[in-house]
Amino acid sequence: MNNIIEEKLVLLPHSPGVYIMKDAKGKIIYVGKAISLKNRVTQYFRQNSSHSPKVRAMVARIEDFETILTGTEVEALILECNLIKKHRPKYNISLKDDKTYPYLKVTTNEPFPRVHITRKVQRDGAKYFGPYTNVTALHESLKLLKRLFPIRSCRRMDAKRPCLEHHIKRCLAPCAGKISQADYQLMVDEVLMFLEGRTEQVEKNLEKRMGQAAEQLEFEEAGRLRDQLLAVRKISEKQRIVTGVGDQDAIGMARSAIGVCVQIFYVRSGKMVGRDHFLLDGSEEETDEALLTAFLKQYYNQATFIPREVLLPMEISEQNLLEEWLGEQKKTKVILAVPKRGTKRDIVEMAIGNAEKALADESTRIQQSEAQTIGAVKELGEYLGLVHPPTRMECFDISHIQGSETVASMVVFEDGSPKKSDYRRFKIASAEGKPDDFKSMREVTTRRYGKKDVELPDLIIIDGGKGQLSSALEIIRGAGHLMVPVVGLAKRFEEVFVEGQSEPVILPRNSQALYLIQRIRDEAHRFAITYHRSLRNKRNLVSVLDNVEGIGPKRRKILLEHFGTLAKIKEASVEEMAGLDGMNLPTAEAVYNYFRSGLIIRR
């Protein structure tokens, strides 16, 4: 313990607040709260022998600490949650990747709100629902929502006529004045109730509006509301009655060798409306109570809805404090309960069971992923007779159409997974105008391995048979790289040609090694084709612009660099083009009129 810490410990007050531990580089490694800062912080440095290995390791790295005084323990709790979310300290328990969890946003800050997915919660007057961990399920939910409620999805409100969404009855076209703001707001209110799980109230509202429309002889509107009501009822029937009344979150927790999972069941108005699970980091040496407490703080600090009751699987010492904090957020009393029997206990047990299953599924996924990556790398090395597993592999592919725009790609896999930051692509000059894969392969391998001091991979893969392999070996060995293994892939995936062997190595059809080499080859082919298409599109763009009066190589380059694609140049206004350095108004008008004349020549 250094002198700075000794001096600060003496000055600590017996007040509630937050303490921030820092390492030698000034990086925050732990954030905690205390009702008495002096007692809590002093414990770290005075009672080191009774600490867990994790805490001892943390204390050994502490070179300085800061404290922030708060008026109450609840204020300290709020500040602690926000600081953990902001700094993600190494020794705090944290939700895995909680920064990336998506939310469903209803833009109630707009006259005609829309619904979309966002990963950023702002204080902008909009309503947010989440966070959600299953992005696929969230997209499906959004599709369902838009089928039930014809709410707008476009960002602009200045359309002259309704779009296709209106004609297929997926939007009421507020942009074209087809619905009043008051009527549209009624639908938005129903969307909000639906997202909150209050489907019974949604049904009542729809039934009432349908009756009013029928009385006023607005039969088309009544029919639309009837179809909407039937769809909502169909969804509502799938939601099981769980506890009868009220809004609740039921929480279950499970832990295994791979980590800790917390499952939440969302019960709204007595019905199960959804569920989600979260994995926790930094959980190895923590107690179940500490894990559950940390989860409750972090989850409800970013949750957009707090129920009247939270059902827990165990007692926690900070229960009263958390109830006070959640009550302040909700503006009404919130109860944290640990049910011992009955329906509420059943739903907590069900949440625990689901958490256990989620961990088991995650364990299976990890095992499968390792088998397809690291395991496949080891297996491939064994089949090819390599001394060491090919941790880093580089694969080359050539792409052209009748010799034009010949390109090559190099993709990199490390530990069986693509490393896209190391990908390279080459525009081949030596074979331009006449297809020659052998010459192209010699050029690309010269550019990559032609020097003696280049960093080499553990395995070089050439997409091609013996001819391409020989062309590559001629360059690679000629540059003095004698030890790096080089293999060629024949058109048939299971044949791998190895240097010095007349017969190919046949990889077993169902082996992970074969699947890995197929993935590498497909990725190299995809990357080469993508580059080839981009060059071809640029060439087509050049040929089209050659027909426009006033456009030469210089102005063509200006347009291409600014807009990127032919489609964007077509959409550009005269003012946008004329405003570019090197362009003028007559030339911009010529380009604009050319694309609207119907005389575009396809090449």
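In case you missed it, the structure is sitting above this.
Residues numbered from 1 in each chain as written. Predicted model: local features only at pLDDT ≥ 70, side-chain atom pairs only at ≥ 80, totals over all residues. Heavy atoms only, no water.

Can you walk me through the overall build of the protein chain in this structure?
Counting its secondary structure elements, the protein chain contains 20 helices and 20 strands. Since a compact globule built from 603 residues should have a radius of gyration of about 25 Å, the 32 Å found for the protein chain marks it as more spread out than a globular shape. When the backbone C-alpha atoms are referred to their principal axes, the protein chain occupies close to 80 × 80 × 50 Å. Counting the 603 residues in the protein chain, one finds 45% classified as buried. Put simply, of all contacts in the protein chain between residues at least 6 apart along the chain, 61% involve residues at least 24 apart. When the accessible surface of the protein chain is totalled, it reaches about 31,700 Å², and 50% of it is carbon and sulfur. (Helix = DSSP H or I, 4+ residues; strand = E, 2+ residues; numbered from the N terminus. Rg over C-alpha atoms; globule rule 2.2 N^0.38 Å. Buried < 20%, exposed > 50% of the residue type's maximum accessible area, 1.4 Å probe, protein only. Contact = heavy atoms within 4.5 Å. Areas by Shrake-Rupley, 256 points an atom, 1.4 Å probe, with all protein chains shown as cover.)

Any chance you could explain the nonpolar core here in plain terms?
Side chains of a nonpolar character, in soluble globular proteins, are inclined to be buried together. By size, the foremost hydrophobic cluster in this structure holds 33 residues, and its most contacted members are Ile251, Phe295, Leu296, Tyr300, Leu312 and Leu336. Mapped by element, the contributors of at least two residues to this core are helix H4 (73–87), strand E8 (248–256), strand E9 (259–268), strand E10 (271–281), helix H10 (288–302) and helix H11 (319–330). Residue contributions to this core peak at seven residues, all from H10. When neighbours within four sequence positions are excluded, Leu336 is seen to be in contact with Leu296, Val310, Leu312, Ile316, Gln319, Leu322, Glu323 and Leu326. Within the second largest apolar cluster, 27 residues are counted, among which are Leu148, Leu192, Met193 and Ala222. (Core = buried A, V, L, I, M, F, W, Y, C linked by side-chain atoms within 4.5 Å.)

Before we go on, may I ask you to explain the layout of surface pockets in this structure?
The rolling of a water-molecule-sized probe over the atoms marks out the regions of remaining empty space. Taken as a whole, the largest pocket holds about 1,400 Å³ of empty space. Listed by contribution, the elements that provide at least two residues to the lining of the largest pocket are helix H5 (135–148), helix H7 (181–195), E9, E10 and helix H12 (342–372). When residues in the lining of the largest pocket are grouped by element, the largest group, eight residues, is from E10. The residue inventory of the lining of the largest pocket, partitioned by class, reads 23 nonpolar, 13 polar and 13 charged. (1 Å grid on protein atoms, 1.4 Å probe; cavity = no way out; pocket = protein on both sides within 12 Å on 5 of 7 lines; lining within 4 Å. Points joined across faces, edges and corners; volume = space filled by probe spheres on them. Nonpolar A, V, L, I, M, F, W, Y, C, P; charged D, E, K, R; others polar.)

What's the story with the packing of aromatic side chains in this structure? I'm lost.
For any two aromatic rings, the description comes down to two numbers: the centre-to-centre distance and the angle of the planes. Applying the stated criterion to the full structure yields eleven aromatic pairs. Note on Phe278 and Phe295: the rings are 5.7 Å apart at their centroids and 50° apart in plane angle, and the pair reads as tilted. Pair noted here: Phe278 is in strand E10 and Phe295 is in helix H10, with a separation of 17 residues, a long-range link. Using a relative accessible area of 0% as the deciding quantity, one classes Phe295 as buried. Seen in terms of ring centroids, Phe278 and Tyr299 are 5.4 Å apart; in terms of plane orientation they differ by 65°. Their pairing is edge-to-face. Of this pair, Phe278 sits in strand E10 while Tyr299 sits in helix H10, placing them 21 residues apart in sequence. (Phe/Tyr/Trp six-rings, centres within 6.5 Å; stacked < 30°, edge-to-face > 60°.)

It is not clear to me how the pairing of E8 should be interpreted in this structure. Could you clarify?
Residues in a regular strand project their side chains so that they alternate between the two faces of the sheet. Burial of E8 is extensive: seven of the nine residues sit out of reach of the surface. Two strands pair when backbone bridges link them, and E8 and E9 are joined in this way by nine bridges, in the antiparallel orientation. Among the inter-strand pairings, Ala254 is bridged to a residue of E9, identified as Cys261. Once E8 ends, the chain turns through two residues before running back antiparallel as E9. (Pairing = 2+ DSSP bridges.)

How should I be thinking about empty space enclosed by the protein in this particular structure?
The final tally for this structure, using the stated rule, is two cavities of 30 Å³ or more. Roughly 30 Å³ of volume is contained in the second largest cavity. Looking at the lining of the second largest cavity, its residues break down into six nonpolar, one polar and no charged.

It is not clear to me how the pattern of salt bridges should be interpreted in this structure. Could you clarify?
Side chains that differ in charge, positive against negative, can pair when their charged atoms come close. One pass over the full model with this rule turns up 30 salt bridges. Between Asp23 and Arg61 there is a salt bridge, and its shortest N-O distance comes to 3.3 Å. Within this pair, whereas Asp23 is found in the loop between strand E1 (17–22) and strand E2 (28–34), its partner Arg61 is found in helix H3 (residues 53–61), the two being separated by 38 residues in sequence. Judged by its relative accessible area of 9%, Asp23 falls in the buried class. Under the relative-accessibility criterion, Arg61 is labelled partly exposed at 31%. In this structure, Glu349 engages Arg345 in a salt bridge whose closest nitrogen and oxygen atoms are separated by 2.9 Å. (Salt bridge = Lys/Arg side-chain N within 4 Å of Asp/Glu carboxyl O.)

Can you walk me through the sheet that holds strand E3 (residues 64–69) in this structure?
Hydrogen bonding along the main chain pairs the strands of a sheet, whether they run parallel or antiparallel. With antiparallel pairing, the three strands of this open sheet are ordered in space as E2-E1-E3. The two strands at the open ends of the sheet, each matched to only one other strand, are E2 and E3. Adjacent strand axes in the sheet meet at a mean angle of 20° when their direction is disregarded. Both E1 and E3 contribute to a ladder of six bridges, which runs antiparallel. Looking across to E3, one finds that Val18 is bridged to Ile68. (Axes fitted to C-alpha atoms, helices over the stretch in contact; angles between N-to-C directions.)

Help me out: how do you make sense of the side chain of Arg268 in this one?
By secondary structure assignment, the location of Arg268 is in strand E9. By relative accessible area, which is 7% here, Arg268 ends up buried. Side-chain polar atoms of Arg268 contact the backbone oxygen of Gln248, separated by 2.8 Å. In this structure the side chain of Arg268 is engaged in a polar contact, spanning 3.1 Å, whose partner is the side chain of Asp249. With near-sequence residues (within four places) excluded, Arg268 lies in contact with Glu196, Gly197, Gly246, Asp247, Gln248, Asp249, Val273, Phe305 and Pro307. (Polar contact = N/O pair within 3.5 Å; in protein donor to acceptor, adjacent residues only side chain to side chain.)

Whenever I open this one, helix H15 (residues 466–478) confuses me. Can you help?
Working note: α-helix, 3.6 residues per turn, so residues spaced by three or four point in the same direction. Taking 1.5 Å of rise per residue, 13 residues should cover 18 Å, and H15 covers 18 Å from first to last C-alpha, within 8% of that figure. Looking at the buried residues of H15, the elements they touch are helix H14 (437–449), strand E17 (459–463), strand E18 (486–489) and strand E19 (495–498). (Expected span 1.5 Å × (residues − 1).)

Before we go on, may I ask you to explain unusual backbone geometry in this structure?
Glycine aside, residues mostly have negative phi angles, and peptide bonds mostly take the trans form. For Ala173, which is not glycine, the phi torsion reads 55° and is therefore positive. Considering the arrangement of structural elements, one finds Ala173 in the loop between helix H6 (164–167) and H7. The exposure class assigned to Ala173 is buried, which follows from its relative accessible area of 1%. Even without a glycine there, the phi angle at Asp415 is positive, about 55°. Relative to the helices and strands, Asp415 resides in the loop between strand E14 (404–414) and strand E15 (417–418). You can call Asp415 partly exposed: its relative accessible area is 38%.

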